[in-house]
Amino acid sequence: MSDPIGSVGIEGQAGHNLPPLRLHVPEPPARPGESADFTHFDIPPAGAQARPDEACPPADMRDMAYGLVRVLDEEGQAVGPWNPRLPAETLLKMLRYMALTRAFDARMFRAQRQGKTSFYMKSTGEEAVSIGAALALARDDMCFPSYRQQGILIARDWPIIDMMNQIYSNTGDRLKGRQLPIMYSAREAGFFSISGNLTTQYPQAVGWAMASAAKGDTRIAATWCGEGSTAEGDFHSACTFASVYRAPVIMNVVNNQWAISSFSGFAGAESTTFAARAVGYGIAGLRVDGNDILAVYAATRWAADRARANGGPTLIEHFTYRVEGHSTSDDPSAYRSAEESSQWPLGDPIARLKQHCIALGIWDEERHAAMDQELAELVRDAARASEKNGILGHGLHHPMESMFEEVFEEMPWHLKEQQQQMLDEWKAAGL
Amino acid sequence: MEGGRAVSEGMTQDEARTDVQQMNMIQAINSAMDVMMERDPDVVVMGEDVGYFGGVFRATAGLQQKYGKNRVFDTPITECGIIGVAVGMGAYGLRPVPEIQFADYIYPALDQLVSEAARLRYRSAGEFISPMTVRSPFGGGIFGGQTHSQSPEGIFTHVSGVKTVIPSTPYDAKGLLIAAIEDNDPTIFFEPKRIYNGPFDGHYDTPAKSWAGHAQAQVPTGYYRIPLGKARIARAGEELTILCYGTMVHVVEHMVATLNVDAEIIDLRTLVPLDIEAIEASVKKTGRCLIVHEATRTSGFGAELSALVQERCFYHLEAPIERVTGFDTPYPHSLEWAYFPGPVRIREAINKILKD
């Protein structure tokens, strides 16, 4: 009994002298109070990654899953074969959308802290991932986002007051106050209803793309999930379906290093890249500097052109960093080094594009400061207008009986009965 | 009898009289998909082995040859993927009819059914819908062991936003399946596989019967629908009401005939939405209610039926409501006929409820 694991019960059995087995439980390189450590990242210089033809067979481009597509270098120059050579107008549009997303996030985060809503999730540091992709896709391509791709709606010029109404769950909320804040749905913007259950959107995007292909349509689908939820079965079901039917779909993995408090090692990052998941499924895989919007744009465009030419799906890993907490309910200082966000080796996506635009001579600090000022006022005015429709918990919500609507197309008797009972009880209580 | 008459009228209200053929339940289900694929180019059929081969139970036989691989196709073995893809296809505008090969395999798809398909209309306030019909053979009596015999309908009736349909005859199977496919909400369509090829009276040791000669096996070849939410009075009677569905309708019918009791047998056909009017009218008339289902007992759909009858018919009841169900155990292979709520247990329950 003194050595229960080592001997009792297996005495006399073959293998008694073998070393004990060990369980490997991953541990991130730095915890609170420690210095950030990114020495384990292999970051190639911008422009170094070759660019395969869009028709390249997946087997001939496996190295792409282990490299890193980068366009913007340290001096703000766009270099290498992935440089999308975008006109100045598009670059400035990208800059503005990213800045607007950040201003929107700042305002809504504050609104949550002021008690105006229950929950919010910022995308700070990850703006390039959604905005670069949205601008590379056609406006009518269908997006199946996760919860941190508000940049898609912003890049598709969706009214921010509509997004705020949803966040406040107020009378102006088209979703009738039914969904947790930021779980938008905007069919007209090609933006699928967001689920709180992770990666469920992956097979759905593949199904949408399969339908588009089966119908001889020209539209493609794109979807996003975090690196943490690539562990979900849905991810692997989706990759299998996408591969089997060569679906015209772009599957994005936003590797922001953290899934709430679990670092990417708990999704397998210690052993391989997330883009390398594509290799096993025999589909094209790209690994991209997610803080470089030109790289995100170029990779998405590559994948979109490939899909539109019936070349099948692409899995893109966007290597980025979640600068803020997972949500307003999270405190990252409890589990990770406070230095990480400021020392992230791939910088900030807005600062990098700004540097590029200044280097091109199409932008300057004054204009940038003026833009930030203008966008802060724009979101402030939109928030004030939205708050006239109500904030969460202050009475201005959709009527009580609306709770029972749209469970089904037609309300069955049991819901009608429950609806009436609720109204009768409230009436009897004098409310 | 008023309730019974009203239900009978509802049963055939949309029926278009066309040629009638003798069909077993598989042929009737196949015919329903054939008719709907012919009528609506957005209907697609998908699932494991459903394409070239035509399904392990042959329910999709011939459909791929007729409608092509873009509309009838085999899928990888991932139920989560099948239903997730069907949600996406529905969002695109198609009307998917995925098959889950056995109801026992539906659990990997549960998240996509419960959190996605069933919630999409609600959470998007009608922007996106999920008009899929999930077909799946269910129930025991074929020596399928615990992974080919289960009756998980109670899991789905507990979920808001999904309809649950269970036919008991070829005629109903076709009409209900057409209605389910046309319905704009997700529908779970459980097919009692024990009665695919013939009605089953619960006497497993007697030769299997075919549907030949059964009135409900005379099936129109063309389009007709049986509205969801309408029960069928399988037998009108005065002494007690028996609520049942699927295979158990036939087991109950046989026992009622054997005992020569004047029972009213209600084949529910749709569990959600439920035909509460038919149930209420019948129990208020007979004052006695027996519930029979093959699924496990605790939190089974019989518990909901029992609660509803008690709430609505309490002052008409002359005896406690009885349930005959599968036991709260996994479906045992060799002891299948001890588990199955067969003639012995149903007879005991009928005698007990009539004595009280």
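A quick note: this is a predicted structure, and the numbers were derived from the prediction, not measured. (Residues numbered from 1 in each chain as written. Chains lettered and ligands numbered in written order. Predicted model: local features only at pLDDT ≥ 70, side-chain atom pairs only at ≥ 80, totals over all residues.)

A few words on the overall build of chain A. Across its full length, chain A carries 12 helices and seven strands. The C-alpha atoms of chain A give a radius of gyration of 24 Å, which matches the 22 Å a tight globule of 431 residues would have. Taking the principal axes of its C-alpha atoms as reference, chain A extends roughly 75 × 75 × 55 Å. (Helix = DSSP H or I, 4+ residues; strand = E, 2+ residues; numbered from the N terminus. Rg over C-alpha atoms; globule rule 2.2 N^0.38 Å.)

What follows concerns the overall build of chain B. Within chain B, the secondary structure is distributed over 13 helices and 14 strands. Going through the 356 residues of chain B one by one, you find that 59% of them count as buried. (Buried ≥ 20, exposed ≤ 12 C-beta atoms within 10 Å, placed from the backbone.)

To continue, consider the confidence of the model for chain B. Residues and elements named next belong to chain B. A residue-level look at chain B finds 95% of positions with pLDDT of 70 or above and a mean pLDDT of 95. Of the regions scoring below 50 in pLDDT, residues 1-15 engages in 24 contacts with residues more than four places distant in sequence or in other chains. At the level of chain-chain contacts, confidence expressed as ipTM amounts to 0.95, with global pTM at 0.95. (pLDDT = per-residue confidence, 0-100. Contact = placed C-beta atoms within 7 Å.)

Turning to the nonpolar core, a few remarks are in order. If you look at the biggest cluster of nonpolar residues, it comprises 213 residues, and the most contacted ones within it are Val 206 and Val 249 of chain A together with Val 252 of chain B. Those residues in contact with Val 206 of chain A, other than ones at most four positions away along the chain, are Ala 238, Phe 241, Ala 242, Ala 247 and Val 249 of chain A together with Val 85 and Gly 88 of chain B. (Core = buried A, V, L, I, M, F, W, Y, C linked by C-beta atoms within 7 Å.)

Listed per partner, the contact involves 36 residues of chain A and 35 residues of chain B. Broken down by class, the residue content of the side of chain A that touches chain B amounts to 16 nonpolar, 13 polar and seven charged. (Nonpolar A, V, L, I, M, F, W, Y, C, P; charged D, E, K, R; others polar.)

Attention shifts here to the sheet that holds strand 14 (residues 322-326) of chain B. All names here are of chain B. With respect to topology, five strands assemble into an open sheet ordered 9-11-10-13-14, the strand pairing being mixed. The open sheet is flanked by strand 9 (232-235) and strand 14, the only strands paired with a single partner. Sheet twist, expressed as the average angle between the axes of neighbouring strands with direction ignored, equals 25°. As judged from the five bridges shared by strand 10 (residues 240-244) and strand 11 (residues 263-267), these two strands associate in the parallel manner. Paired with Leu 243 across the two strands is Ile 266, which belongs to strand 11. On the sheet, helix 13 (residues 343-355) packs against strand 10, strand 13 (289-296) and strand 14 and is oriented at approximately 170° with respect to strand 14. (Pairing = 2+ DSSP bridges. Axes fitted to C-alpha atoms, helices over the stretch in contact; angles between N-to-C directions.)

It is worth spelling out the domain arrangement of chain A at this point. Considered domain by domain, chain A is made up of domain 1 (58-387) and domain 2 (399-431). One C-alpha centre belongs to domain 1 of chain A, the other to domain 2 of chain A, and the line joining them spans 39 Å. (Domains from an automatic or database assignment.)

Residue and element names in this part refer to chain B. With eight of eight residues buried, strand 13 lies mostly within the body of the structure. Pairing between strand 10 and strand 13: three bridges, direction parallel. Across the sheet, the residue bridging to Thr 241 is Cys 289, located in strand 13. Here strand 13 pairs with strand 14 via four bridges, running parallel.

All names here are of chain A. Here helix 12 (residues 413-428) contains 16 residues, and its C-alpha end-to-end distance of 22 Å stays within 8% of the 22 Å for a straight helix at 1.5 Å per residue. For helix 12, the tally of buried residues reaches only zero of 16 residues, placing the bulk of the element at the surface. Positive phi appears at Gly 430, one or two residues downstream of helix 12, with a value of about 75°. (Expected span 1.5 Å × (residues − 1).)

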